[in-house]
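# Architecture and fold: a report
Now for the letters of each chain:
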Amino acid sequence: MPTENAGPPRDKQALSSPTCCGTISEARYAVRERRESRGHQPWVVRKLMVVVTLGIMGYTGYVYAGRFAVRLLHGGRRADGIGLLVGWCPLYAWMIWAYIKVIITPPGNARDYVPKTPQPLFGPGQWQQRQLYTEPEDPAPDDASLADIEAGRIGGPAYEDLSAPSAAHIPGTSLPLPATNGHAAGVNGHPNGVAAAPPAPERKPSRHRTPRGRFPPTTAPLLPPHRWCSRCSIVKPYRAHHCRICGTCILKFDHHCPWIGQCVGARNHKFFLNFALATAALTLYTFGSLLAFTIQAGAADVDPQEVVIIALAALFALFTLSLGGAHARLILLSQTTVEHLAVQRMKEREREGFRDAGVRWWEVGEKRRALAAYDREWGAPDTEGNVWWAGSARAGWEDVMGASVWGWVFPIGAPRGDGLHYSPNPRFDADGRWRRRSEWPEELR
Ligand SMILES: [Zn+2]
Ligand SMILES: [Zn+2]
C-alpha cells in the first residue's frame, strides 16, 4: 500500500493553511510521514545501548571495587573495606545476572505463533455497532496499533473517519451530573440531540456548559480487522503490538526499552522488573556507602571518579525506583504500558472536557464530584476500565512475575501467562468495548 497516501485528509488540508494551527499540523504531518517511511532500526544500532549499559556497569564495578574498596584495604581500614564488599558484591552479581537474563530472553515474537493470513475485513453490522458512545474531535489513537488504522493500513475504514461522526448522532450519558455550583443536573449541554433542554434550577447564573462526560474509545480492539498487522501480515494475538524499532509484532507488548536493546513483552517483562529492583538496590547501596565515606574522608582526599559514581548512582537509583514502582503498579492492575497510555488519554479527554465547559482549575471539588459520577456510571478507569483484567491484583502479578516468591526478586522461573491467551475484562463487550456499569455481569456491579 503506498505510504504517500498515509496522512489523514485533515492534515493535508492544513498544509496550505498559513495559520499557527496549520503550521503545527504541518509539522505533525511531516513527523508522521518520516516515521512511516523509516524502517526498523538495524540490529547493531539497537544493541549498541547494551554495550553502553555494560560499560557503565563495568566502570561502576571498577571504581567501587577496584579503587574505593582497594583504597580502604590498603589504607589501614581493612575491616571497613571487606565489610562493604561483602554487601556490595552480591548486589552487583544480582544486577548483572538480571541484566543478562533480560537481554537474552526474547519478549516473544507473535509471528512464531500466528500464521500469515490475508487481511480480515469487518463483518456485516460491525460498522454500525462501533458508533455507540463516540466522543467527537478525538483523533488520539487508542493504542499503538491504531497508528496503523490512521495510516489506512489495516482492515476497515481509517480511524479518522471513525472518530468524527456528526455531533447530533452522539448519545449523551444517561446519568445526570451532580447539581453543584451552577452546574445543571442532567445533560442539557450535551450534544445528544436535546438541543434546548429546560434549564434546571440554579443558584447563580450558569457560566458553564456541562462537561461532556466520559467517552471510552469505541474502537473494538478485539475484532480481527483491528488486530491485523499489515507489516507482519498476521492477525495479532490479544495484547500483541507491532514494535517499529524491532520491526515485528511482540507478544503482550509493553514498551521498547533502549537500555536492553529489545522490547519488553510477555516473556521478559518479569526479568525487566527483576533488573529494575536489583539496580535500585545496588545503586542505593553504592550511593549511600560512597557518599558516607567521601564525606568522612574530607575534601582533601576525594577521588573524582568516586564523585562521578555517586552522581551516576543517585541518577539511576531515582530512575529505577520510579520505573520499577510504576511497572509494579501496572502489573497489579493487569495493564501494560501501552494499555495504561490509553487509560491516561481517556482521563486527559475528561480534563479537556472540564476546561471546555469552563470549569476553572481551582474548582477541584466540582471536578471530583463529576468524576465520581462518571465512575458510578462506568466504573473507575484504572481498576475497571482496562480491557484486560486477570481477575485480581494477585492474579495479574503472577501472570507476569510467576507464582514463586523467589522469582519475584531474582531472575529465575518464568511468567505464568503464555503471552497468547488472555481473558477479556467481563466489564467489556465481546469485541472489547467498555460497557456501562448497568451492563456488567450482576456480581461485578
Ligand atoms: Zn507487526
Ligand atoms: Zn522493540
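Cut-offs applied
- Position numbers for residues start from 1 in each chain and track the written sequence from start to end.
- As they are written, the chains are lettered A onward and the ligands numbered 1 onward, keeping that order.
- Only residues with pLDDT of at least 70 get local features here, since the model is predicted, and only at 80 or more are side-chain atom pairs given and counted; chain-wide, interface and lining totals rely on the full set of residues.
- As a convention, hydrogens and water are excluded, and side-chain values are obtained from all of the structure's heavy atoms.
- Each helix corresponds to a stretch of at least 4 residues labelled H or I by DSSP, and each strand to a stretch of at least 2 residues labelled E; elements are numbered beginning at the N terminus.
- Between the first and last residue of a helix there are one fewer steps than residues, each counted as 1.5 Å, and that sum is the expected span.
- Distances decide who is a donor: an N, O or S atom must be within 2.8 Å of the metal, or within 3.2 Å for Na, K and Ca. Water is not included, so sites may look incomplete.
- Irregular is the label for any site that misses the other tests, which are tetrahedral for four donors with all angles between 85 and 135 degrees, and square planar for four donors or octahedral for six when opposite donors exceed 155 degrees and the remaining angles lie between 65 and 115.
- Whether a residue is buried, partly exposed or exposed follows from its accessible area with a 1.4 Å probe, protein chains only, as a fraction of its type maximum: under 20%, in between, or over 50%, in that order.
- Any two residues whose heavy atoms approach within 4.5 Å are treated as being in contact.
- N or O atoms within 3.5 Å of each other form a polar contact, as long as, within protein, one can give a hydrogen and the other can take it, and as long as residues adjacent in sequence are counted only when both atoms are side-chain atoms.
- UniProt positions are given in the numbering used here, feature names are shortened, and annotations may be inferred rather than shown by experiment.
- For Phe, Tyr and Trp, rings pair up if their centres lie within 6.5 Å, where Trp contributes its six-membered ring, and each pair is then called stacked (planes under 30 degrees apart), edge-to-face (over 60) or tilted (otherwise).
- Counting as a charge over the ring demands two things of the Lys NZ or Arg CZ atom: a distance within 6 Å of the ring centre and an angle within 35 degrees of the ring normal.

### A word on helix 8 (residues 269-297)
In an α-helix, one turn spans 3.6 residues, which is why side chains three or four residues apart end up on the same side. When the terminal C-alpha atoms of helix 8 are compared, their 42 Å separation across 29 residues agrees well with the 42 Å that a helix rising 1.5 Å per residue should span. Where helix 8 ends, the next residue or the one after it, Gly-298, has phi of about 85°, a positive value.

### Considerations on the coordination of the zinc ion (ligand 2)
Protein-derived coordination of the zinc ion (ligand 2) comes from Cys-243 (SG), Cys-246 (SG), His-256 (ND1) and Cys-263 (SG), at a distance range of 2.0 to 2.3 Å. For the zinc ion (ligand 2), the four donor atoms in the first shell make angles of 101 to 120° at the metal, a pattern classed as tetrahedral. Going along the chain, you hit the donors of the zinc ion (ligand 2) in the pattern C-x2-C-x9-H-x6-C. You can see Cys-246 sitting in the loop between strand 3 (241-243) and strand 4 (248-250) and its partner Cys-263 sitting in strand 6 (residues 262-264), a full 17 residues away along the chain. Overall, the relative accessible area of 13% leaves Cys-246 in the buried class.

### Some details on the environment of Ala-98
Along the chain, Ala-98 falls in helix 4 (residues 78-104). Taking the C-alpha atoms as reference points, Ala-98 and Phe-272, separated by 174 residues in sequence, lie 7.7 Å from one another. In this structure Ala-98 touches Phe-271, Asn-274, Phe-275 and Pro-411, once residues within four positions along its chain are discounted.

### Comments concerning the side chain of Glu-384
Mapped onto the fold, Glu-384 is located in helix 12 (residues 381-384). Polar side-chain contacts of Glu-384 include one of 2.7 Å to the backbone nitrogen of Ala-380.

### So, the coordination of the zinc ion (ligand 1)
The protein atoms that coordinate the zinc ion (ligand 1) are Cys-229 (SG), Cys-232 (SG), His-242 (ND1) and Cys-249 (SG), at distances spanning 2.0 to 2.3 Å. Relative to the metal, the four donor atoms surrounding the zinc ion (ligand 1) lie at angles of 102 to 120°, and the coordination shape comes out tetrahedral. Binding-site remark: the zinc ion (ligand 1) is held by donors from one chain whose sequence spacing is C-x2-C-x9-H-x6-C. Residue Cys-232 is located in the loop between strand 1 (228-229) and strand 2 (234-235), and its partner His-242 is located in strand 3; the two are separated by ten residues in the primary sequence.

### Here we look at the UniProt feature "transmembrane region" (unreviewed entry) in the protein
Sites flagged by UniProt as "transmembrane region" (unreviewed entry) map to residues 44-65, 85-104, 271-295 and 307-326. Helix makes up 100% of residues 271-295 and strand 0%. Its end C-alpha atoms lie 36 Å apart.

### Quick notes on the packing of aromatic side chains
By convention here, two paired aromatic rings are described through the distance between centres and the angle between planes. All told, the structure shown has 18 aromatic pairs when counted by the stated rule. Between Trp-94 and Phe-410 the ring centres are 5.5 Å apart and the planes differ by 55°, which places this aromatic pair in the tilted class. Taken together, the residues Trp-94 in helix 4 and Phe-410 in the segment after helix 14 (405-409) connect sequence positions 316 residues apart. On the basis of relative accessibility, which here comes to 13%, the residue Trp-94 falls in the buried class. Taking relative accessible area as the criterion, Phe-410 reaches 26% and is therefore assigned partly exposed. Residue placement shows Arg-239 over the ring face of Tyr-422; its charged tip is 4.9 Å from the ring centre.

### Considerations on helix 10 (residues 337-356)
The end-to-end C-alpha separation of helix 10 is 28 Å, in line with the 28 Å expected for 20 residues at 1.5 Å each. All of the buried residues in helix 10 are Thr-337, Val-338, Glu-339, His-340, Ala-342, Val-343, Met-346, Arg-349, Glu-350, Gly-353 and Phe-354. The secondary structure elements touched by the buried residues of helix 10 are strand 3, strand 5 (255-257), helix 9 (304-332), helix 11 (364-378) and helix 12. Within two residues after helix 10, Gly-358 carries a phi angle of roughly 85°, on the positive side.

### Re unusual backbone geometry
The phi torsion at Ser-233 lies on the positive side, around 55°, for a residue other than glycine. Tracing the sequence through the fold places Ser-233 in the loop between strand 1 and strand 2. The exposure class assigned to Ser-233 is partly exposed, which follows from its relative accessible area of 23%. Although it is not a glycine, Lys-252 adopts a positive phi angle of roughly 40°. Within the element layout of this structure, Lys-252 appears in the loop between strand 4 and strand 5. Classification of Lys-252 as buried rests on a relative accessible area of 7%.

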